[in-house]
Amino acid sequence: MKTKILILATAFIFLLPARAACQGMPTYDNTNFISLVKQLIESGKQTAQMIKSVKFLKDAKEAIEKVSSVVEQLRAVEEIGQNNQRLINVMQNDLQDILNSPYIKPDTVSRVVESFDAIVQNSLDTVDFIDEVLSSDYLKMSDAERAEILKAKEQESKQMVSNITTKTKRYRDIISFRKMQDKVNNRETEY
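Below or above, wherever it landed, is the structure these notes cover. Keep in mind that what you see is a predicted model, and the values were worked out from it rather than measured.

We now examine the packing of helix α2 (residues 30-100) against helix α4 (residues 143-185). Here α2 crosses α4 at 20°, and the two axes come no closer than 9 Å. Judged on the interaxial angle alone, α4 and α2 are roughly parallel. Viewed along their axes, α2 and α4 form a crossing whose handedness is left-handed.

Applying the stated criterion across every chain, the model contains 8 salt bridges. Of the charged contacts, one joins R172 and D94 as a salt bridge, the two residues approaching to 2.9 Å between their closest N and O atoms. Here D94 lies in helix α2 and R172 lies in helix α4, a separation of 78 residues in the sequence. Classification of R172 as partly exposed rests on a relative accessible area of 34%.

The topology assignment puts K153 in helix α4. Filtering out sequence-adjacent residues up to four positions away, K153 remains in contact with I80, T126, F129 and I130.

Once that is clear, we can look at the packing of α2 against helix α3 (residues 106-135). For the pair α2 and α3, the least separation of the axes is 11 Å and the interaxial angle reads 160°. Classified by the angle their axes make, α2 and α3 are roughly antiparallel. Between α2 and α3 lies a crossing whose hand is left-handed. Counting all contacts with α2, which are made through Q73, V77, I80, N84, L87, V90, M91, L95, I98 and L99, the residues of α3 involved are V109, V112, V113, F116, I119, V120, S123, T126, V127, I130 and L134.

What follows covers the packing of aromatic side chains. Tallied over the entire structure, the rule returns 1 aromatic pair. Seen from their ring centres, F116 and Y171 are 6.3 Å apart, and the 35° between their planes marks the pair as tilted. With F116 in helix α3 and Y171 in helix α4, the pair connects residues that are 55 residues apart, well separated along the chain. Y171 gets classed as buried once you look at its relative accessible area, which sits at 4%. Across from the ring centre of F129, 4.8 Å away, lies the NZ or CZ of K153, which sits over that ring. Directly above the aromatic system of Y171 lies the positively charged group of R170, at a separation of 4.9 Å from the ring centroid.

Turning our eyes to something else, we now look at α2. Between its first and last C-alpha, α2 extends 103 Å over 71 residues, near the 105 Å set by a 1.5 Å rise per residue. Considering bend angle alone, the principal kink of α2 is centred on M91 and spans about 35°. On the buried face of α2, the contacting elements are α3 and α4.

Cut-offs used in this document
Residues numbered from 1 in each chain as written. Predicted model: local features only at pLDDT ≥ 70, side-chain atom pairs only at ≥ 80, totals over all residues. Heavy atoms only, no water. Axes fitted to C-alpha atoms, helices over the stretch in contact; angles between N-to-C directions. Helix = DSSP H or I, 4+ residues; strand = E, 2+ residues; numbered from the N terminus. Parallel < 35°, antiparallel > 145°, perpendicular 65-115°, else oblique. Left-handed = near helix turned anticlockwise from the far one by under 90°. Salt bridge = Lys/Arg side-chain N within 4 Å of Asp/Glu carboxyl O. Buried < 20%, exposed > 50% of the residue type's maximum accessible area, 1.4 Å probe, protein only. Contact = heavy atoms within 4.5 Å. Phe/Tyr/Trp six-rings, centres within 6.5 Å; stacked < 30°, edge-to-face > 60°. Lys NZ or Arg CZ within 6 Å of the ring centre and 35° of its normal. Expected span 1.5 Å × (residues − 1). Bend = angle between axes of the 7 residues up to and from the residue.

Structural data, given as structure tokens:
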């Protein structure tokens, strides 16, 4: 009897894996398991590399944005400098011609000087403000905010050049009109 039980137990043990597979119980193959682990390790390495790549690209993007912002700031400052140079040229050349004209009345001279002086003072204030914005953290603003302020100041500078050009043209037109009026009034008549 003991022998029968032992034979049945041995047969049961050998048949169990075949029966277990048939009944849906998992069977483990060491080769597949090792392959799966290798794939998971490789996938982990690729994911780590992708994370490093994403971080590198993000850092590169931030660096490019900073450089772009600095370039925008530089262009704005350069444009403001050129506009201030135009103002200086107008002050040195055109304004002197206007003030020396015999067709500008003495009371008009003071108005001309005041209007040009206001524009020049605004220009100097802009230069001081730009120096303050660029030389300090100016309330801890970002490069983008600093670039935005400089762009606004650049537009103000362009407006100043436009204003001084318009005023210069207006005063030249006044001189031209008074010159023509003087010629008409003082011509000799031959009747």
